[in-house]
Amino acid sequence: MDQNIFRKRIREVQNLLKESEVLLLFAAPQKIRNRDVEYKFRQDSDYYYLTGIEEEDGILVLRRDFSSHFALPKDKEKEIWTGIRLGKEEIKKRLELDQSFDLGEWDHKISDILTNQFTLYHFFGKDSKRDSELLELISSLNRRLREGKFGPQRWEIPNFLHEMRMYKSPEEIEKLKESSRITALGHERLFRETKVGMFEFELESILESEYLKHGAWGGGYGHIVAAGKNATILHYTTNRAKIGENELILVDSGAEKDYYTADVTRVFPSGKKFTSEQRTIYQLVLDVQKQAILDTKQGVEFNAVHEKTVKNLTSGLIDLGLLKGNLSEVIEKGEYRRFYMHRTGHYLGMDVHDVGRYFENGKSMPMKNGLVVTVEPGLYFDPTDETIPAGFRGIGVRIEDDVLVNGDNPVVLTSMIAKEIDEIEAMRA
């Protein structure tokens, strides 16, 4: 993104801070996978949102009238091994900060940073060791009251930053569209190339390679490639089973590019056609999903979409004889949860389960323009439940798209990925 976007965001946060309030924002550290092998580095979303910096271990400090940053120092020997560092001067220039320091100065300056600041904003809970050090320092500062000095009297999570992230700018929407485009390429390859006898991990490798080929970081979360009864496991990521005849394959996967991720689920048969029972359940879920997308409008409470989805799925299950009784009673007793046990969607953006409040004062938040959500109803039939007709056992169907709230006209960012039965069967043929 244009560097001016990050500068603007920093100024917006500073304007939200009051006198005697300070925000500390920490970059992600490098994490060890095993022994001296590190995980592939991915920057903390909140830190990247304000800085655009992809280096580890940085610290951004903001007050209403002051901004500073602590960065890894320039070090020729280390840079030979791990890459060129930006250094404090370059970061100060990029973000137009008041001051910038080497990271080694943090321990000497943090006391001055917190002294006589009434409120500390910090994402407590991400790093318990860091949290303990900050709280110990605050306690130490508050023992200096007789000197006319004090540490923060209150400390809070900076939810205002997450409120900013909830509603996407035009630039962010373009990023999500690009991630969706790449995601479509991966899913469509699976529609065309999957064959009985392949393994789930082969499909996973196709997705990952397609994402990387088009400049994505990879998947924005662990790929779910679930064949047959594995599709009834909601967060199945083992991805080792062999694909058999007449199975449904559920693929939940989205590409992440430039820190914005798609989140898409598609289901298709291992052969050329859906079986009768597979077709019946798939069409029910698809019809309900389409209605839920239409309901994803400005002013509609987020939870209302889920409640209506529950009603529509339950009604369909009753019509099929898979649930029995009066619609309202079945819902009240929660009997539908045998087949539908998750929510209908979540916020989407830099994180697959993106930030922001869902409820305020116990009431579901109304959706606003610029919010991006997933819409993902599903039905899952326990393969061991002998009370279910045999043809339905082991079927798992979830259909998921990414939707931008846009007045009364929701925009499906992932609409290019086939989901109609005839489209899927055409590609399977």
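Residues numbered from 1 in each chain as written. Predicted model: local features only at pLDDT ≥ 70, side-chain atom pairs only at ≥ 80, totals over all residues. Heavy atoms only, no water.

Caption draft 1: How the structure looks around the sheet that holds strand 11 (residues 248-253). As summarised here, the arrangement of the 3 strands in space is 10-11-14, forming an open sheet in which the pairing is antiparallel. Since the sheet does not close on itself, it has two edges, and those belong to strand 10 (224-227) and strand 14 (264-269), each with one partner. Along the sheet, successive strands turn relative to each other by an average axial angle of 10°, direction set aside. Taken together, the 4 bridges between strand 10 and strand 11 define a ladder with antiparallel strand orientation. Across the sheet, the residue bridging to Ala-226 is Leu-250, located in strand 11. Running at roughly 150° to strand 10, helix 9 (residues 200-213) makes contact with strand 10, strand 11 and strand 14 of the sheet. (Pairing = 2+ DSSP bridges. Helix = DSSP H or I, 4+ residues; strand = E, 2+ residues; numbered from the N terminus. Axes fitted to C-alpha atoms, helices over the stretch in contact; angles between N-to-C directions. Contact = heavy atoms within 4.5 Å.)

Caption draft 2: Main features of the nonpolar core. Grouped together as the largest cluster of nonpolar side chains are 53 residues, with contacts concentrated most on Leu-203, Phe-268, Ile-281, Tyr-282, Leu-379, Phe-381 and Val-397. The element contributing the most residues to this core is helix 10 (residues 276-294), with 6 residues. Discounting chain neighbours no more than four positions away, the residues touching Tyr-282 are Val-267, Phe-274, Val-397, Ile-399, Lys-419, Ile-421 and Ile-424. (Core = buried A, V, L, I, M, F, W, Y, C linked by side-chain atoms within 4.5 Å. Buried < 20%, exposed > 50% of the residue type's maximum accessible area, 1.4 Å probe, protein only.)

Caption draft 3: Local environment of the domain arrangement of the protein. Under the domain assignment used here, the protein contains domain 1 (3-164) and domain 2 (167-428). Spacing between the C-alpha centres of domain 1 and domain 2 amounts to 37 Å. The interface is formed by 13 residues belonging to domain 1 together with 14 residues belonging to domain 2. In total, domain 1 and domain 2 occlude about 1300 Å² of area from one another, counting both sides; carbon and sulfur atoms represent 50% of this. (Domains from an automatic or database assignment. Buried area = accessible area lost by both parts, 1.4 Å probe.)

Caption draft 4: Geometry of the side chain of His-306. Within the secondary structure, His-306 sits in helix 11 (residues 302-319). For His-306, a relative accessible area of 10% translates into the label buried. The residues touching His-306, leaving out its near neighbours within four places in the chain, are Tyr-340, His-342, Arg-343 and Thr-344.

Caption draft 5: Representation of the packing of aromatic side chains. Taken as a whole and assessed by the stated rule, the structure comprises 14 aromatic pairs. Note on Phe-199 and Phe-201: the rings are 5.2 Å apart at their centroids and 10° apart in plane angle, and the pair reads as stacked. Summarising the aromatic geometry, the rings of Tyr-347 and Tyr-358 are spaced 4.0 Å apart at their centres and angled 10° between planes, so their arrangement reads as stacked. Within this pair, whereas Tyr-347 is found in the loop between helix 12 (327-332) and strand 15 (359-360), its partner Tyr-358 is found in the loop between helix 12 and strand 15, the two being separated by 11 residues in sequence. Tyr-347 sits in the buried class, given a relative accessible area of 2%. According to the relative accessible area criterion, Tyr-358 is partly exposed, its value standing at 24%. The rings of Phe-26, Phe-70, Phe-101 and Trp-106 are connected pair by pair, giving a single aromatic cluster. (Phe/Tyr/Trp six-rings, centres within 6.5 Å; stacked < 30°, edge-to-face > 60°.)

Caption draft 6: How the structure looks around helix 11. Between its terminal C-alpha atoms helix 11 stretches 27 Å, which fits the 26 Å expected from 18 residues at 1.5 Å a residue. Check the buried side of helix 11 and you find it contacts helix 10, helix 12, strand 15, strand 16 (363-364), strand 17 (372-375) and strand 18 (378-380). (Expected span 1.5 Å × (residues − 1).)

Caption draft 7: Representation of the UniProt feature "domain: Aminopeptidase P N-terminal" (unreviewed entry) in the protein. Within the UniProt annotation, "domain: Aminopeptidase P N-terminal" (unreviewed entry) is assigned to residues 1-131. Within the segment residues 1-131, helix and strand shares are 38% and 22% respectively, and the terminal C-alpha atoms sit 31 Å apart. (UniProt positions renumbered as here; feature names shortened; annotations may be inferred.)

Caption draft 8: How the structure looks around helix 9. The first and last C-alpha atoms of helix 9 sit 20 Å apart over 14 residues, in line with the 20 Å expected at 1.5 Å per residue. Considered for burial, the residues of helix 9 that qualify are Glu-200, Leu-203, Ile-206, Leu-207, Glu-210 and Tyr-211. Taken end-on, helix 9 shows its buried residues confined to a sector of 125°, consistent with a single buried face. At its buried positions, helix 9 is contacted by helix 8 (170-193), strand 9 (218-219), strand 10, strand 11, strand 12 (255-257) and strand 14. Count one or two residues on from helix 9 and you reach Gly-215, which has phi positive near 85°. (Arc of directions from axis to C-beta.)

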